[in-house]
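An overview of the molecular structure
Each chain is listed here by its residues.
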Amino acid sequence: AAGCGGGDKPIGSASSSNPSASTSSSGGGGGAHKQGGSVTIANVGGQTWPCQFNPFNPAVNQESLGFVYEPLTFVNVLKAGATTPMLASAYTWSPKKDSITFTIRDGVKWSDGQPFTADDVVYTFTRMKEQPALDLYALWTGAGLTSVTAAGNKVTLKFKAAAEPYFFNFANQVGIVPKHIWSTGEAASKPATWTDPKPVGTGPFTVESCSSNNISYVANSNYWQPGKPYLQKVQYPAYLDNNPANLDLASGKAQWGGQYIPNIDNFYKSKSPQNNYWFPPTANVAIVPNNDPSHPVTSKLAVRQAIAYALDREQISKIGESGYQPAANQTGVVSPTFDKYFDKDALAAAGYDKPNLDKAKQLLQSAGYSDSNKLKLNIITVTGYTDWDASLAVIKQQLAKVGIELSVQDLQQQSYNQKLYTGDYDLAYSSQTGGPTPYYELRQLLYSKNSAPIGKSASTNYSRYNNPEVDKLIDQYAAADPDTQVKLIKQISSYMIKDVPVIPTTESVDWYQYNTKDLDGWPTQDNPYAQPAPYNMPDVGQVLTNLYSKSAQK
Amino acid sequence: MPEQLLEVRDLTVEYDTGSRPVVAVDHVDLDVHAGEFVGVVGESGCGKSTLLFAIAHLLSSPAAITGGSVRFNGQNLVTMNEKKLAAMRWRDFSVVMQSAMNALNPVKSIGAQFQDTIMAHDEVVDDGRPAEVLRLVGIDPIHLRSYPHQLSGGMRQRAMIAMALLFTPDLIIMDEPTSALDVVAQRSLMVQIKELQKKLGFAVVFVTHDMSLVSHFSDKLVVMYAGQVVEFGDTRAVFDHPEHPYSAGLLDAFPSIRGPKVPLTGIPGAPPNLASPPPGCRFQPRCPKAFEDCPKIEPELYQVGAVQARCLLHAPDLIREAQ
Amino acid sequence: MRYLIRRLGFFVLTLWAAMTLNFFIPRMMPGSPEEALRQRLSKGGSVVTAEQLRTVLAEFGFDPGKNLMLQYLGYLKSMVTGHWGVSIGSSLGVPVTSLIGDALPWTLGLVGIATVLAFVLGTLIGTVAGWRRGGLIDGIVPPVFIVTSALPYFWVALLLISLFAIGDNPVLPNDFNYDQGLTPAFTGEFVWSVIKHGILPASTILVTAVGGWILTMRNNMVTTLAEDYVRMARAKGIPGRRIMFGYAGRNAFLPNLSGFAMSLGFVISGTILVEYVFNYPGLGYMFYNATVSTDYPLLQALFLLVTLAVLICVLLCDFAVFLLDPRARTKG
Amino acid sequence: MSAVVAGASAPVTGATRRPRGGLFRAILRNRKAVVGAALLLLFILLAAFPGLFVPGAHHDPQAIGDLPLQHPSGSHWLGTTGLGQDVYAQLIYSTRESLVIAVVAGLGATVLSVVIGVSAAYLGGFADDGLSMLTDIFLVLPTFPLIIVLATYAGKGNLTVIIIVLILTGWSYGARQMRAQAMSLRNRDFLESARVRGERRSYIIVVEVLPTMISLIVANFLGAALYSVLTAAGLQFLGLGDPNSLSWGTMLYWAQNQGALVNGLPAWALSPGLAVALLGVSFALLNYAFDEISNPALRPVRRRRARTAS
Amino acid sequence: MTTVDAEMAGGTDSAAAPLLETRNLTRHFRVGRGFSPQLLHAVDAVNFSIGRQEIVALAGESGSGKSTIARLLAGVYKPTAGEIFYQGRAMSTFRSRKDQLSYRGDVPMVFQDPFSSLNPAFRVSHGVLRSLKLHRPELDRQQRYAEAERVIEAVGLTPAADIMNRFPYELSGGQRQRIGFAQALAHNPKLILADEPVSMLDVSIRIGLLNLMAELRETQGVSFLYITHDIASARYVADRLMIMYAGHVVETGPAESVLQNPKHPYTDLLLGAVPDPRAPLSTGIEGDTGEPPKVIDPTPGCRFRWRCPLAVDKCHSVTPELRTLGPNHQAACHVAEPDIGT
Ligand SMILES: Nc1ncnc2c1ncn2[C@@H]1O[C@H](COP(=O)(O)OP(=O)(O)OP(=O)(O)O)[C@@H](O)[C@H]1O
Ligand SMILES: Nc1ncnc2c1ncn2[C@@H]1O[C@H](COP(=O)(O)OP(=O)(O)OP(=O)(O)O)[C@@H](O)[C@H]1O
Ligand SMILES: [Mg+2]
Ligand SMILES: [Mg+2]
């Protein structure tokens, strides 16, 4: 696996003041491009556009964050959290990492021409305190934010405790909104429900028109990055279903896709040499066993181990996911994206690097199962996730070989969630959202505070794994220095091997297709400057400022 | 001799039943002169209604005329096209159906049904004509605005007859117009028809299976059996001297309210299945006078005095050993 | 008159009962709006807790903690007053009225026209087939349409797509209501685009729905033609066409009309699949979406709308029969 | 329906019409009925013995193969799925579930229609009003959304749930017809006659009334079965069934989700739908044929010229 | 119920009582719905009796209540008022299944409409066989079949074995009517309520059935209530004739006496309307419209008064009662003269 690691700076290191510096190698031509051209995005939203752009509305912020609203700092998940300054040209952590000071960029203007100031930043964060509904990432409640203050062009966020893990949220995922708009009218009185139909932001684009079928963005002429964006228009049609979106991508009608396309080489790639795809992995798809003692079978270590040993993850990847999602490994560290944290040797030492059916059978025997007393297990999954269904069909076959009878229960999203969250299952097929380092996913999976008693809704630790030692390691991470952080993650992942709390099967990827006929500057495996799928926010903004039209260069 | 109005020759009608066709009217001949009242009797299912519909060319599948002609005022109705027929219908001959309940369109008022007819013929008729004919049959013209279901059975029958009189046709074909009525009502309706006929001079072909009913009203009588005409002649003549054993049987079978009370006997057996009639004479299996030739030879209509009868007993060229 | 009052009473009572069901059934579904929303979000890379979402939803007017009976009363009130609230599903915060307002014209335009067209066409063809019983049309039409009436909606849709919309030179578009590049306006280009996009879905509905009407109408027609009054009309010399439509057709049509109203619920249901396959942004698709995202306000409004539409249609058809059939008028 | 077949060998007697033989003969003589019955028989055979129709290599239709998304070929008559499963084998093995849904749901809905419809007619008064209203409500409720809700509520789209849902949503139309018919029977003289004869009320309802409605009941069953086939397929196509089960709707769901059509595999995308359609057609044909048999007026006729050579 | 009735119900000498007797038998129907219910007086205060081995013919205008009387006697309708006595016992006291069953066995009914009185789902033998099973439990299956065949043959349906196995739709109206008749014959009845049992028969077959009725009376002592429009046939078989008009019995007496010497103007009208090929046309009724009177919420007075040529003032205010005007001959008319010499 190439293209990762290298000279990228992890979170916390001093940052460059030139936003385009880290991407200067991108886009082939290097440096500036002429403006012109447009891109059409094909990404199934499964709904028609409501034409709302409120960045605090979790249902619609995908259409505004990155396009219109920008964060303080961009954090690149694909480069282990490398940062790119955006509205903050720099930031510094206090030594104890419980306070951070952003330097607000000069010369930025809102798309309505008003100047952007530190006041806007403070306003944005303060509103989140006053209106809890705006505080999507629970910064004031969960992360321990205590104050936001401005001094000149500096804005300081103070926390109760070390808060580095939340940097990704508050610096990267919160879009800054203009105080002069948001402090009047409905935006002020009901900021959470305000529709924000004509959003004013600092981002590269503004909304030109919106209908239920299509959002059309135009370049923001006031954009603070000189010469950018190169593209003058973005079309974002509302696709309701995969097939039409896929067809449009294959035909080149849409150039930027975030789609799962079955048989993609044949259906998409072969249609044109300019059709490309890249699926960078960011998190795990896993069999989540219920570790709670109330589930006597799956809380048995030997059973979990047997499953882990029995799986041929390469096959699952190849057949179930058509090879698009790479095989995962039992450490829970996504490779190659986070290879830096990946302890390959530990994996091999435990024998999890390849399937081991004998070991699996032996474990099952030790747990008291045999041909006459077969281990029968139920796994829940979500109706409509056909690749999961396919993977499970493969897994079912694999487990059958060691004498485990797996029956797959496809549930409607709602029922699935309910069962998963409340722990009403034996096995669940599930995936989590990653973060800029494996820490984020591992914390979600293993931290006992993210769990809940059976019957209560757990936030992310659905397996109900509870190990004080792991909790301690996770707690240490926030205040640790980068090298220690790497060590901590390796330590945490060793428990994945030891306790097998969850059993990763494949790595979930960003579905990403791009067409280079007229457009270039795409994120690629060699230049992973942002998560490439258009549904990633605010990464979409990074891509949009790097894309340029080849025909416009002539 | 009054002029010949209707001349039916060799008329044959078949019902297509999928397997063997049912010959419901079998080579029937019939003559009607202007102003004449011809009664057609015969037991149920012998093809009376079918004959009427064939004459008026109103059959629809699965029935079809498979032979013969119907000459009305010299024109053959069988080969005439729908358009010409439509023009003649009702103006030259009209039909009163078996049950008035079903023959009147339930969703149109009586008046509207009159108007329909008038419009279909772009005949210049008086606006008052519907009211006039209704009055003729003894119905208050306010019923022009009524719907069929608002009238009693007798009134509906009368309304039908009024409708048939609309253009004063030459011939009115009536299919058991009184079968739904009780005797008193039936009687008064018959008397009315007879009076109108006298007044307006149209001819009537009147179907019933009630022998006694026609006895008082009809001039000529046609007795049908199993799709065939078995006896034809002046009503009085037939009643006085039935020449066909079936007619005789019929006349013997009903009691009278006057005169001496005599024990009566019916005709044993049941009418034949028209899809596979018995060989030879169709009445032969039930006939008290049958002899050995009867199952062998199909009788024709033979002239016997004033009447015609389809019985081998009257066949001129047959040596009748039976006698 | 009493008949009409009875009908109206029935209307109100049924509507109320259906509305009550409409309220409770969605609430018996597992999951909740906040979980639905949370699921959607994970794709975009944010981790938002369920509690946080509850706060957000409360802001949008959905309070799951409220007593169910109070919710019900509030619901009845809001349904009657037309304050249908805002979506709490995938279109979080959008007023339900505007969501429906956007989708309704398309559904009415496509599904409505296609359904009515199917009914009218079917009735006409059925009339002719029944009239010319045993003729060429009657020989071909019923068997063919027995087959088409048994075809699954979505399969016909797929077939049409594979015939006309897939391949190197698709003849017709297979999705959406108009080209995404266009802005709705009354221009030739836009109208043409709308028509082009409507052809396949409309044909789907037409092909599958018309058969049933043809067959029932034909059978009604045949039965009616056997009635004496039709023969009577012929005897009166009334021209064939007038008998066909004015006598037989009209009377055969009456039961069909009631049947149309009664089956409207089924028709609307079927169109969900059509809209789903063709990505047609109408009410059907919205219904599906609202269901999977537990969007109570939207679901309730849609349920109400459909129930009301069917009920009103039944009522109208009843009145039509009432007007057309004097027997019905005196019956009650 | 196997009785239909048994009747095929019954001797066709002449003049005297033996009613049972008559019904079979009527079915045999009706081309629609013959085609419908033959189709249904074929499906019954497929459902009962799928193994007979599938080459040995594909006896596990769910077996994952190495060659996904193959075009039809000698070894895979209808190609393979995205998981390399044999489409033809899946198609054949799916018959059972689809047929079971059709028959069981059809029967269930019919029973419910009869019970509710006939009780409404017989009980009269308030019971009638209540039951009629219930029927109307179910008739008026938008079916498909209701099904989606119910299927979602039931949690998992397994067979039982789908069948229950289909029964719940499919009975109302029939119940209305049943009620109307039972109402019209209520004052028929033959029921009075049975009472005058001295029969008990229960006997009259069960033995005298229900058999007279048999043609409506059969027609209803066929209609309900058709509805069930189509609706179940629609549900499964939307993913509301159990994607791991073998049924035509599920096959379509997979085909749709794995882009069978857009990948140029129409055999995979269309054949299950065709199977649904054919099963539906067989029910529809039988239904219309049944109409024709019970109402001779509807039978097709030949048009004859007014004058044929005689 | 009056005390007298109670005594009667308690059981008088059943041999002395007529086979069947009605007292003040009345049946009203509610017509019109909702807030304006109206009463249709189908049968009003009718008294008559049927003796053993007697054939009583009941004739009258369509809608005059003939079928209603038959249905009342058969227990299809419950009387609005009045009582029916069977062999001296009041019918309302037949509560037990045994009583009910024995009455039903003794008094079967032939329904007027043969098209609706046979269950289309069963072979035509169904009714006959069920009757036998219910009322002659001593027979085994084979005997029942034999017996059924016998009665079906008795009504002139041959070959019985074939006819029995047909379905109603395979029979003509006349054949069905005879099946209905056969059903009534099946179980040795005492009184057959025959509601127009021959209306759809051809004259030739009709006479056969009439002869059968006469024979049954002679050989098995069966009584009949013979409802008909066909006065001539009534004369042919009946001992006694009853004429109904608008829910009232207007005349009753020995058949011959009523026919030869009608007392009531309606009887007169009726007889005059009967077509008879052997008699000349009678006159005098041409002006009659033949419309039946309305019996919905009637006012007192003779119900024939509007059509009556002899009506006097009294007819408009007083409902006439049956008066004896000749031997066994009664009529309900204010104007009618008694027989001279009585
Ligand atoms: N649609 C049909 N298919 C086959 N046979 C038929 C059909 N309609 C009538 N028939 C047969 O044609 C014959 C004549 O019937 P038609 O109606 O003319 O008799 P009818 O003399 O008018 O009897 P009725 O006195 O009962 O009215 C009958 O034997 C009948 O069975
Ligand atoms: N169930 C009923 N409900 C309401 N009215 C009825 C009912 N049965 C009979 N009638 C009415 O009672 C009156 C007498 O009817 P009934 O049937 O006894 O007459 P009928 O003398 O038998 O006539 P027909 O000679 O036509 O058979 C009629 O006006 C009829 O409409
Ligand atoms: Mg006739
Ligand atoms: Mg009667």
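Residues numbered from 1 in each chain as written. Chains lettered and ligands numbered in written order. Predicted model: local features only at pLDDT ≥ 70, side-chain atom pairs only at ≥ 80, totals over all residues. Heavy atoms only, no water.

This part is about the sheet that holds strand β5 (residues 89-90) of chain E. Residues and elements named next belong to chain E. Strand order across the open sheet formed by four strands is β2-β1-β4-β5, with antiparallel pairing between neighbours. For this open sheet the edge positions go to β2 (38-50) and β5, each flanked by a neighbour on one side alone. With five bridges joining them, strand β1 (residues 20-31) and strand β4 (residues 81-86) adopt antiparallel strand pairing. Pairing of L20 across the sheet is with Y86, part of β4. (Pairing = 2+ DSSP bridges. Helix = DSSP H or I, 4+ residues; strand = E, 2+ residues; numbered from the N terminus.)

A few words on the state of the cysteines. Under the counting rule described, the total for this entry stands at one disulfide over all chains. Paired through a disulfide, C51(A) and C210(A) show a sulfur-sulfur distance of 1.9 Å. With the S-S bond torsion at -90°, the cross-link from C51(A) to C210(A) turns out left-handed. With C51(A) in the loop between β1 (38-42) and β2 (73-76) and C210(A) in strand β8 (residues 205-210), this pair connects stretches of sequence that are 159 residues apart. The thiol sulfur of C294(B) is not disulfide-bonded, and the nearest other cysteine sulfur, from C281(B), lies at 5.7 Å. Looking at C333(E), it has no disulfide partner, and the nearest cysteine sulfur is the one in C308(E), 6.0 Å off. (Disulfide = S-S within 2.5 Å.)

A few words on the coordination of the magnesium ion (ligand 4). Residue and element names in this part refer to chain E. Distances from the magnesium ion (ligand 4) to its protein donors, S67 (OG) and Q112 (OE1), fall within 1.8 to 2.1 Å. Pair noted here: S67 is in helix α2 (residues 66-74) and Q112 is in the loop between β6 (109-110) and α4 (125-135), with a separation of 45 residues, a long-range link. Taking relative accessible area as the criterion, Q112 reaches 30% and is therefore assigned partly exposed. (Donors = N, O, S within 2.8 Å, 3.2 Å for Na, K, Ca; no water. Buried < 20%, exposed > 50% of the residue type's maximum accessible area, 1.4 Å probe, protein only.)

Looking now at the pairing of strand β3 (residues 55-60) of chain E. All names here are of chain E. Of all six residues making up β3, six are buried, and the element is well covered by its neighbours. Sheet topology places β3 next to strand β8 (residues 223-227); four bridges connect them, and they run parallel. Bridge assignment links L58 to a residue of β8, and that residue is I227. Pairing geometry for β3 and strand β9 (residues 240-245), over five bridges, is parallel. Among the inter-strand pairings, A57 is bridged to a residue of β9, identified as L241.

On to a nonpolar patch on the surface, then. All names here are of chain C. Residues V116, V120, L124 and F245 make up a contiguous nonpolar surface patch of roughly 320 Å² in combined accessible area. Per-element accounting of the nonpolar patch gives the leading share, three residues, to helix α5 (residues 96-131). Structurally, the position occupied by V116 is in helix α5. (Patch = residues over 30% accessible without salt bridge, like charges linked within 9 Å, V, L, I, M, F, W, Y side chains within 5 Å. Areas by Shrake-Rupley, 256 points an atom, 1.4 Å probe, with all protein chains shown as cover. Salt bridge = Lys/Arg side-chain N within 4 Å of Asp/Glu carboxyl O.)

Time to look at the side chain of N214(A). Residue and element names in this part refer to chain A. Examined against the element boundaries, N214 turns out to sit in strand β9 (residues 214-219). Judged by relative accessible area, which is 7%, N214 ranks as buried. Only 3.2 Å separates the side chain of N214 from the backbone nitrogen of Y236, close enough to count as a polar contact. (Polar contact = N/O pair within 3.5 Å; in protein donor to acceptor, adjacent residues only side chain to side chain.)

Now for the confidence of the model for chain A. On average, chain A scores 86 in pLDDT, and the residues at 70 or more come to 94%. The low-confidence segment residues 1-30 of chain A, where pLDDT is below 50, has 56 contacts with residues more than four positions distant or belonging to other chains. (pLDDT = per-residue confidence, 0-100. Contact = heavy atoms within 4.5 Å.)

F102(A), F125(A), L157(A), F170(A), Y217(A), W256(A) and I307(A) are the most contacted members of the largest nonpolar core, which totals 305 residues. With 15 residues, the single largest contributor to this core is helix α12 (residues 296-324) of chain C. Counting residues in each nonpolar core, the second largest holds 175 residues, with V8(B), V191(B), V203(E) and Y236(E) among its members. (Core = buried A, V, L, I, M, F, W, Y, C linked by side-chain atoms within 4.5 Å.)

The interface of chain D with chain C comprises 49 residues on the first partner and 52 residues on the second. Contact between chain D and chain C buries roughly 4700 Å² in total, counting both sides, with carbon and sulfur atoms accounting for 78%. Taken together, the links from chain D to chain C amount to zero salt bridges. In this structure, the connection of chain D to chain C is made through one residue pair in polar contact (both at pLDDT 80 or more). Among the elements that take part in the side of chain D that touches chain C, helix α12 (residues 266-294) of chain D stands out by supplying twelve residues, more than any other. When the residues that make up the side of chain D that touches chain C are grouped by side-chain class, the tally is 35 nonpolar, eight polar and six charged. (Buried area = accessible area lost by both parts, 1.4 Å probe. Nonpolar A, V, L, I, M, F, W, Y, C, P; charged D, E, K, R; others polar.)

What follows concerns the pairing of β4(E). All names here are of chain E. Two elements, β4 and β5, share two bridges in a ladder whose sense is antiparallel. Within the sheet, the bridge partner assigned to F85 lies in β5 and is A90. In sequence, β4 turns back onto β5 through a hairpin of two residues, with Q87 there showing a positive phi of about 50°.

Residue and element names in this part refer to chain E. Residues in contact with ligand 2 amount to 15 residues; listed here are only the nearest, S62, G63, S67, T68 and Q112. Within the backbone of K66, an N or O atom sits 2.9 Å from an oxygen atom of ligand 2. Taking H229, its side chain carries an N or O atom lying 3.0 Å from an oxygen atom of ligand 2. With the chains in place, 68% of the 630 Å² that ligand 2 exposes on its own is no longer accessible. Every element with two or more residues in the shell around ligand 2 is listed here: β2 and α2. Here the shell around ligand 2 gets three residues from one element, more than from any other, and that element is α2. Taken together, the residues that form the shell around ligand 2 break down as four nonpolar, eight polar and three charged. (Near = heavy atom within 4 Å.)

Residues and elements named next belong to chain B. Neighbouring ligand 1 are 15 residues, the closest being S44, G45, K48, S49 and T50. Contact distances for ligand 1 include 3.3 Å between an oxygen atom and a backbone N or O atom of C46. Take G47: an N or O atom from its main chain is 3.1 Å from an oxygen atom of ligand 1. Ranked by the residues each element gives to the shell around ligand 1, the list is headed by helix α1 (residues 48-55), at three residues. In terms of residue class, the shell around ligand 1 is built from five nonpolar, eight polar and two charged.

The next subject is the sheet that holds β8(A). The strands that make up a sheet pair up through hydrogen bonds in the backbone, lying either parallel or antiparallel. Residue and element names in this part refer to chain A. Strand order in this open sheet of seven strands is β8-β9-β10-β1-β11-β18-β12, and the pairing throughout is mixed. Looking at the sheet topology across the chains shown, the edges are occupied by β8 and β12 (275-277). Strand direction decides the pairing type here: β1 and strand β11 (residues 256-257), joined by two bridges, are parallel. Bridge assignment links I41 to a residue of β11, and that residue is W256.

What follows covers the interface of chain A and chain C. Contact residues are listed per partner, giving 53 residues for chain A and 46 residues for chain C. Taken over both partners, the interface formed by chain A and chain C buries close to 4200 Å², and the fraction arising from carbon and sulfur atoms is 50%. Contact with chain C buries surface across chain A, with N213(A), L240(A) and Q414(A) losing the most and accounting together for 16% of the total. Run the count over chain A and chain C and you get zero salt bridges. At the boundary of chain A with chain C, the tally comes to zero residue pairs in polar contact (both at pLDDT 80 or more). Sorting elements by how many residues they give to the side of chain A that touches chain C places helix α12 (residues 413-422) of chain A first, with six residues. By residue class, the composition of the side of chain A that touches chain C is 23 nonpolar, 27 polar and three charged.

Backbone torsion omega between K228(A) and P229(A) reads -10°, so that peptide bond is classified as cis. The topology assignment puts P229(A) in the loop between β9 and β10 (233-237). Cis geometry marks the peptide bond from S335(A) to P336(A); its omega dihedral reads 5°. Tracing the backbone shows P336(A) in the loop between α8 (313-320) and α9 (344-350). Even without a glycine there, the phi angle at E176(B) is positive, about 40°. Here E176(B) lies in the loop between β7 (171-175) and α7 (183-200). The phi dihedral of N24(E) is positive, around 55°, even though this residue is not glycine. Residue position: N24(E) is located in strand β1.

The next point concerns the environment of Q308(B). Residues and elements named next belong to chain B. With respect to the secondary-structure elements, Q308 resides in strand β12 (residues 307-309). Its relative accessible area of 25% is what places Q308 among the partly exposed residues. Note: C-alpha distance between Q308 and F232 (76 residues apart in sequence) is 5.1 Å. If we ignore the near neighbours within four places in the chain, the residues touching Q308 are V230, E231, F232, L301, Y302 and Q303. At a separation of 3.5 Å, a polar atom in the side chain of Q308 contacts the side chain of Q303.

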